[in-house]
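# Chains, contacts and geometry: an overview
This is what each chain is made of:
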Amino acid sequence: MSLGLVSSLALTLNVGGVQPAFAQTKLPDVTVDAPKPKFRQTASRPQATSTRTAQQRRVAPRNLPPTAPVAYVTPSTGTIGAPPSPYAGGQVASGGGLGLLGNRGVMNTPFNQTSFTSQLIQNQQARTIRDVLINDPSVRTTQAAGGGADGLFIRGFFYDSGDYALNGLAGIAPYYSTGANFIERVELLKGPSALLNGMTVGGTGAASGGAVGGSVNLITKHAPDVDITQLTGTFVSKSQFGEQIDVSRRYGEHKEWGVRLNSSYANGNTPWNRQTDELGNVALGLDYRGENARLAVDLGYQADTLKPPLRFFGVGAITKIPDPPKAGLNFQVPWAYYAPTDFFTTVKGEVDLSDRITAYGSFGYHDSNINYSYPSPTINTNAGALSAVPGQGKETFETFAGEAGVRLNVDTGPVNHSLNLGYSIVDRTYNQRVLWPVTNPTASTVALAGAIPTSWNLYTEPVNSAAPNYNYLRLSQMTGVNLWSVGVSDTMSMFNDRLQFVVGARRQTAGTEVTDYLTAGNSRPFKDESIWTPSYAVIVKPAERVSLYANYIEGLQTPAVVSGTFANAGTVFPLSPTTQAETGIKIDFGRITTTASLFDITQRSVVTVGSGATATQQLDGRQRNRGAEFNVFGEVTPEFRLLGGLAYIHGVQEKTTNGVNDGKRAIGVPELTVNLGAEWDTPIVRDLTLTGRVVYTGAQYVNATNTLSIPDWTRVDLGARYKFTSPWNGKPIVVRASVENVFNKAYWASAYSGVITLGAPRTYLVSTTFNF
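Residues numbered from 1 in each chain as written. Predicted model: local features only at pLDDT ≥ 70, side-chain atom pairs only at ≥ 80, totals over all residues. Heavy atoms only, no water.

## Examining the pairing of strand β38 (residues 755-758)
Taking every second residue as pointing to the same face, both faces of β38 are buried, with Val755 and Thr757 on one and Ile756 and Leu758 on the other. Note: strand β16 (residues 313-315) against β38, two bridges, orientation antiparallel. Bridge pairing in β38 links Phe313 to Ile756. Bridge count for strand β37 (residues 748-752) against β38 is four bridges, and the pairing is antiparallel. Each residue of the ladder has a partner; that of Tyr752, found in β38, is Val755. In sequence, β37 turns back onto β38 through a hairpin of two residues, with Ser753 there showing a positive phi of about 50°. (Buried < 20%, exposed > 50% of the residue type's maximum accessible area, 1.4 Å probe, protein only. Helix = DSSP H or I, 4+ residues; strand = E, 2+ residues; numbered from the N terminus. Pairing = 2+ DSSP bridges.)

## So, a nonpolar patch on the surface
The grouping of Leu421, Tyr423, Trp484, Val486 and Val488 at the surface amounts to a nonpolar patch, some 420 Å² of accessible area in total. Looking at the nonpolar patch, the elements that each hand over two or more residues are β22 (415-436) and β23 (472-494). For the nonpolar patch, the element with the highest residue contribution is β23, accounting for three residues. With respect to the helices and strands, the residue Val486 is situated in strand β23. You can call Val486 partly exposed: its relative accessible area is 34%. (Patch = residues over 30% accessible without salt bridge, like charges linked within 9 Å, V, L, I, M, F, W, Y side chains within 5 Å. Areas by Shrake-Rupley, 256 points an atom, 1.4 Å probe, with all protein chains shown as cover. Salt bridge = Lys/Arg side-chain N within 4 Å of Asp/Glu carboxyl O.)

## Focus on the confidence of the model for the protein chain
Of the residues in the protein chain, 89% have a pLDDT of 70 or more, and the chain-wide mean is 89. This model gives residues 1-68 a pLDDT under 50, and the stretch forms 118 contacts once residues within four places in sequence are excluded. (pLDDT = per-residue confidence, 0-100. Contact = heavy atoms within 4.5 Å.)

## Notes on unusual backbone geometry
The step from Ser237 to Lys238 runs through a cis peptide bond, and the omega angle for that step is 10°. Cis rather than trans, the peptide bond between Lys307 and Pro308 has omega equal to -20°. If you check the backbone angles, Arg274 has positive phi at about 60° while not being a glycine. Structurally, the position occupied by Arg274 is in the loop between β13 (257-269) and β14 (276-289).

## Some remarks on the environment of Tyr472
Considering the arrangement of structural elements, one finds Tyr472 in strand β23. Judged by relative accessible area, which is 28%, Tyr472 ranks as partly exposed. Put simply, Tyr472 and Val438 are 34 residues apart on the chain and 6.1 Å apart in space, counted from C-alpha to C-alpha. In this structure Tyr472 touches Val434, Leu435, Trp436, Val438 and Thr439, once residues within four positions along its chain are discounted.

Shown next as structure tokens:
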């Protein structure tokens, strides 16, 4: 569907009487780690609520010059309207949101977190959130490039595309992939976060990965104090053209009311042969900031039509992973399609009960629908022969999320307490209906039915395959999951924040149910369980710009259910905690910051005990990922910026079935990953910036026995941007051009749960931003 008309209408918001707009280059500075309440100056906030004052203003002489609005400051206990300001270089923020702990600066965060800014998103021409997260060495995508989904590995553990949080509410962001154009911040928190954010609903909800390796929160764009009217034209190879609109205004005597509209639309041929993608969205952000209250409302819609979608490959009885096909070759059948749509909204409010106490609440709703028809092929021979059973499906996800609580600051002698008591809830209903073309499919019968070519191969494009006739109902089921929790935390600060302790706990309750409309025996009634998840952390600052930290925190997975092939079929395992211990150091050199951390994460897993008819499954296995991370961001000089780092992760299996795989490497966890990006403002040509990035990923094992693996790979990206003044209105125009995978390397990008995925071919990106 085309959203071009909506984008064009957005430009009409530049009504009479409004000052000409210009490009937003930097958000207004805000206090991230707020000063103690005694330093809070209420006079710096708008004073317009008194009835007497309002009456005096109404009768004031009209010829008085207008009074400049006072800069708005969100109080220490608030979060709405207060995204931490960008750090030097503008690519990442000086802090981020930590759920129950509120907004905190980098040096006062006892975890490893990076918050990527909208400036980075725009300059790197990121299309979806996966294009943003490629900047972090601890993150790798698990979904195929060109497949329309943004599932991840964070610290070597799976993060489902349905777990992305929007404005702090888990599962409310578009389900499979989120357009980056309406996002102000991408907050990446590495490590479990059950205390901070509660459980994530995860996919269908019946079996959640639990976001145990990390989590992602997306902050939507809202109106800054400066007007914005931007039009960006985009091009992505091979012939995908698009546009982006960004219009923002603030209204009121003190600019209390804000409106921001973002929209994008792109359509055309992608870098893969025979593939087209039509993607569009529109997002409206409204906000109010008063003297003692703040409100933010977001509404959004996104639609994608991908033909044909690139899928992952299953791995059959082979002894070696075949070489990847030529970069850009499309192995998918021509009749395949993938078409998700998402409607999403969040409402967040805060009320200051006093200078020390703020009550808050939020609500989110997400309706996701996907229609699809495609095969997910399996590699059956070392030579790359493929087979598959195609399916036609319709899936719907309806998610509700909310939270409410109180934040307050209390001084007890020399100790300042930042307290938070909060309640959160997530509820998701998932419906699935899948058709097959034959009743009992095999590779030969499916081929005879015309759904799959008889000589399908990894290296041959199936251009003449006929669409199947779907006539057999294979799946029809409904899954429900309900998660609710109560959490409390206390951050105790002493010696001018040189010493900080964080303690907290969350009481989490998770319930699931399954209704199978075809096989009643697979259904199970609603059942819930509860568990406590404690956490504690410490920060020590031995010097002004040095921060040492350590933490213990847990993550949770929804109860797993034993399938019908085992003697204990139907057994529901309890909530499964994943534990992390981490320590690290952060050094802020003023314009550039480095962080280094060591972590140890242990996740429980299900293993098979015994064999034959008496075999059972037990929640007794473990995957243990131990590693080290190093990150750097900021400016080496005002003209030279760095962003990147490296991660070493040693992931092993423990307590496996009969101990046969004990000590072997975990599937899909590369031992070494490196990301290093740089920007250079050249002295030769004013306002010309050259960019470059190197992404390296080590070898990965494909199976638990470690007999199959994919090799390491390196990707090189290069680009440039040039800013000049428009001869028509004197506003800046920015032209950007970049090439991803410069050398057009063909490579296997990732392995996950018995499947492997391909990396993207060489991709050209060009965009031009006009300001009005």
